[in-house]
Amino acid sequence: MPKSYGIRSGTRYMFSKKFRQHGPIHLSRYLKQVKVGDYVDIFADPSIHKGMPHKYYHGRTGIIFNVTKSAVGVRVNKPVNGRIIEKRIHVRIEHVRPSKCQKEILSLKVENEKA
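Residues numbered from 1 in each chain as written. Predicted model: local features only at pLDDT ≥ 70, side-chain atom pairs only at ≥ 80, totals over all residues. Heavy atoms only, no water.

(A) Looking closely at the packing of aromatic side chains. In total, this model carries 1 aromatic pair according to the counting rule given. Cation over ring: lysine 3 sits above tyrosine 5, and NZ or CZ is 5.0 Å from the ring centre. Over the ring of tyrosine 56 we find arginine 60; its NZ or CZ atom is 4.2 Å from the centre of that ring. (Phe/Tyr/Trp six-rings, centres within 6.5 Å; stacked < 30°, edge-to-face > 60°. Lys NZ or Arg CZ within 6 Å of the ring centre and 35° of its normal.)

(B) Broad picture of the pattern of salt bridges. Taken as a whole and judged by the stated rule, the model has 6 salt bridges. Residue glutamate 86 is joined to arginine 88 by a salt bridge in which the shortest nitrogen-to-oxygen separation is 4.0 Å. Taking relative accessible area as the criterion, glutamate 86 reaches 43% and is therefore assigned partly exposed. As a salt-bridge pair, arginine 92 and glutamate 94 come within 3.4 Å of each other at their nearest N and O atoms. A single network of salt bridges, built from pairs that share partners, joins Lys17, Arg29 and Asp45. (Salt bridge = Lys/Arg side-chain N within 4 Å of Asp/Glu carboxyl O. Buried < 20%, exposed > 50% of the residue type's maximum accessible area, 1.4 Å probe, protein only.)

(C) Main features of the nonpolar core. Counting residues in hydrophobic clusters, the biggest one holds 12 residues: Val34, Val40, Ile42, Tyr57, Ile64, Val72, Val74, Val76, Ile89, Val91, Ile93 and Val96. A total of 3 residues in this core trace back to one element, the largest contributor, which is strand 3 (residues 71-80). Not counting residues within four places of it along the chain, the set of residues in contact with isoleucine 89 comprises Ile42, Tyr57, Phe65, Val72, Gly73, Val74 and Val76. (Core = buried A, V, L, I, M, F, W, Y, C linked by side-chain atoms within 4.5 Å. Helix = DSSP H or I, 4+ residues; strand = E, 2+ residues; numbered from the N terminus. Contact = heavy atoms within 4.5 Å.)

(D) Representation of the sheet that holds strand 4 (residues 83-92) within the structure. The strand order across the open sheet formed by 5 strands is 4-3-2-1-5, and the pairing between neighbours is antiparallel. Among the strands making up the open sheet, the edge pair consists of strand 4 and strand 5 (96-98). The mean angle between the axes of side-by-side strands here comes to 45°, regardless of whether they run parallel or antiparallel. Where strand 1 (residues 39-42) meets strand 2 (residues 61-67), 3 bridges bridge the pair, whose relative direction is antiparallel. Paired with valine 40 across the bridge in strand 2 is glycine 62. (Pairing = 2+ DSSP bridges. Axes fitted to C-alpha atoms, helices over the stretch in contact; angles between N-to-C directions.)

(E) Structural view of the layout of surface pockets. The space that makes up the largest pocket amounts to roughly 430 Å³. Along the wall of the largest pocket there are 18 residues; nearest its centre are Lys17, Arg29, Asp45, Pro46 and Arg97. Residues of the lining of the largest pocket, tallied by class, amount to 7 nonpolar, 6 polar and 5 charged. (1 Å grid on protein atoms, 1.4 Å probe; cavity = no way out; pocket = protein on both sides within 12 Å on 5 of 7 lines; lining within 4 Å. Points joined across faces, edges and corners; volume = space filled by probe spheres on them. Nonpolar A, V, L, I, M, F, W, Y, C, P; charged D, E, K, R; others polar.)

(F) Molecular detail of the side chain of glutamate 94. Structurally, glutamate 94 can be placed in the loop between strand 4 and strand 5. On the basis of relative accessible area, glutamate 94 is assigned to the buried category, the value being 2%.

(G) Expanded view of the environment of leucine 31. When you line up the elements, leucine 31 lands in the segment before strand 1. Between the C-alpha atom of leucine 31 and that of valine 72, which follows or precedes it by 41 residues, the distance is 13 Å.

Everything listed is a geometric property; what it means functionally is a separate question.
So, in structure tokens, the structure goes:
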């Protein structure tokens, strides 16, 4: 068989749900409070096809630059031919989760303000 190069090629395990995690998602995923400037991780939820990001952005961290009623705009850095381009993508809120990359920095900041 020749190799296919479709939009979701090579995503057999990336876009599949874990064992005993199938089914509809919880409403708390839709009720997340996000604001401009927040760091988020992009993780595509395979059970929701609308607003799903491209497979390249799965697992990437970005900064929110726009918030709409059902989606968020995220700035993500992408290396292209030796330079880094800032890409702006819009994904639905189900496909992002708050990032923990700033947790240590924020905790150090709180400690420094106490001292």
